[in-house]
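Understanding the architecture of this molecule
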Amino acid sequence: MLFNGKDLSNWNFVVEDNRIPADRVYSVQDETILIQGSPFGYMYTKKKYGNCTLEVEWRWVDEPTNSGIFLLIADPTNPFPNGIECQLHAGDAGDFVLLGGSDMAEYRQPEGQERPKFPVIKKRSESSEKPAGEWNKARIIIRDGEITVYINGVLQNVGTCPVKEGYIGLQSEGKKIAFRNVTVTP
């Protein structure tokens with residue numbers, strides 16, 4: 001279990017430019033992780049994970065906002081890691097965002113264009129997210145660098161990353177978001 005419902009002892013923290021103490025961004029309230037959304041940053045596991053199934057529940061606290069689940073983080077730098085983001089931005093949950101120079105076999109750079117700072121691999125299905133205040137569930141399966149994402153039981157994306165093992169992270173971006181039942185199994 002990555003989150004025991006009591007404290008954040010299994011996690012490390014990044015706050016953009018170390019502007020404020022991490023405990024003002026990441027906290028535990030009522031057995032949930034509460035992330036403020038500002039300043040930007042992320043919390044990440046103290047241990048790396050490879051072949052596993054990650055399950056995470058999240059809800060937007062006040063209004064639909066932005067966040068993400070970071071996968072296969074190779075380098076936990078400030079403010080963006082080298083890793084794959086499973087997007088949780090309202091309406092886009094399940095998109096992959098390639099952070100910090102990371103790559104996936106499915107990304108096709110438009111010919112004659114410079115690589116964007118944050119390339120996106122769009123999800124396969126219409127949004128399967130629930131409204132603000134309701135709990136959503138992401139089920140993410142990682143096998144030999146292949147990442148399969150289900151949002152509320154709907155297959156949203158599959159991608160292949162050359163990195164086979166890395167840290168898992170939860171993002172602070174936008175406004176308040178809550179996470180619970182954060183578990184990883186082989």
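The structure under discussion appears in the preceding block.
Another aspect to go through is the overall build of the protein. The helix and strand inventory of the protein stands at 0 helices and 14 strands. Of the regular secondary structure in the protein, the N- to C-terminal order runs β-β-β-β-β-β-β-β-β-β-β-β-β-β. Taken over the C-alpha trace, the protein has a radius of gyration of 15 Å; the compact-globule value for 186 residues is 16 Å, and the two agree within 12%. For the protein, the proportion of its 186 residues judged to be buried stands at 48%. Taking as baseline every contact in the protein between residues at least 6 positions apart, the subset at least 24 positions apart corresponds to 67%. Carbon together with sulfur atoms contributes 44% to the accessible area of the protein, which is approximately 8,700 Å² in total. Of note, the protein has its 21 positive side-chain charges centred 3 Å away from the centre of its 25 negative side-chain charges.

Within the secondary structure, L72 is located in strand β6 (residues 68–75). C-alpha separation for the pair L72 and L98, spaced 26 residues apart in sequence, amounts to 11 Å. Those residues in contact with L72 that lie beyond four places of it in its chain are Y49, N82, G83, I142, G145, I147, C161, V163, K164, E165, G166 and Y167.

So, about the state of the cysteines. For the structure shown, the criterion picks out 0 disulfides. C52 supplies the cysteine sulfur nearest to C86, a cysteine that is in no disulfide, at a spacing of 13 Å. On the basis of relative accessibility, which here comes to 0%, the residue C86 falls in the buried class.

Our next topic: the pairing of strand β10 (residues 136–143). Across 7 bridges, strand β5 (residues 52–60) lies against β10 in antiparallel orientation. Counterpart to W58 in the pairing with β10 is N136. Counted along the chain from β10 to the antiparallel partner strand β11 (residues 146–151), the turn is 2 residues long, and its residue D144 has a positive phi close to 50°.

Looking now at the sheet that holds strand β8 (residues 96–99). Strand order in the open sheet made by the 7 strands is β1-β4-β13-β6-β7-β8-β9, with antiparallel pairing throughout. Of all strands in the sheet, those with a lone pairing partner are β1 (11–15) and β9 (120–121), marking the two edges. Pairing between strand β7 (residues 82–87) and β8: 4 bridges, direction antiparallel. By the bridge assignment, C86 is partnered in β8 with F96.

Cut-off values and rules
Each residue is numbered by its place in its chain's sequence as written, counting from 1. Given that this is a predicted model, residues contribute local features only at a pLDDT of at least 70 and side-chain atom pairs are listed and counted only at 80 or more, while totals for whole chains, interfaces and linings are drawn from all residues. Based on all heavy atoms of the structure, the side-chain values leave hydrogens and waters out of the count. Every helix listed is a DSSP run of H or I at least four residues long, and every strand listed is a run of E at least two residues long, numbered separately from the N terminus. In this setup the radius of gyration rests on C-alpha atoms only. A globule is expected at 2.2 Å times the number of residues raised to 0.38. Between buried and exposed lies partly exposed: a residue is buried under 20% and exposed over 50% of the maximum accessible area for its type, with that area taken using a 1.4 Å probe on protein chains only. Contact between two residues is taken to exist if any of their heavy atoms lie within 4.5 Å; hydrogens are not considered. We get accessible surface area from the Shrake-Rupley algorithm with a probe of 1.4 Å; when it comes to residues, only the shown protein chains can shield them. Positive charges come from Lys and Arg alone, negative charges from Asp and Glu alone, with His and the N- and C-terminal ends not counted. Every charge is mapped to an atom, namely NZ of Lys, CZ of Arg, CG of Asp or CD of Glu. We call a pair of cysteine sulfur atoms a disulfide when they lie within 2.5 Å. A pair of strands is treated as paired once DSSP finds two or more bridges between them.

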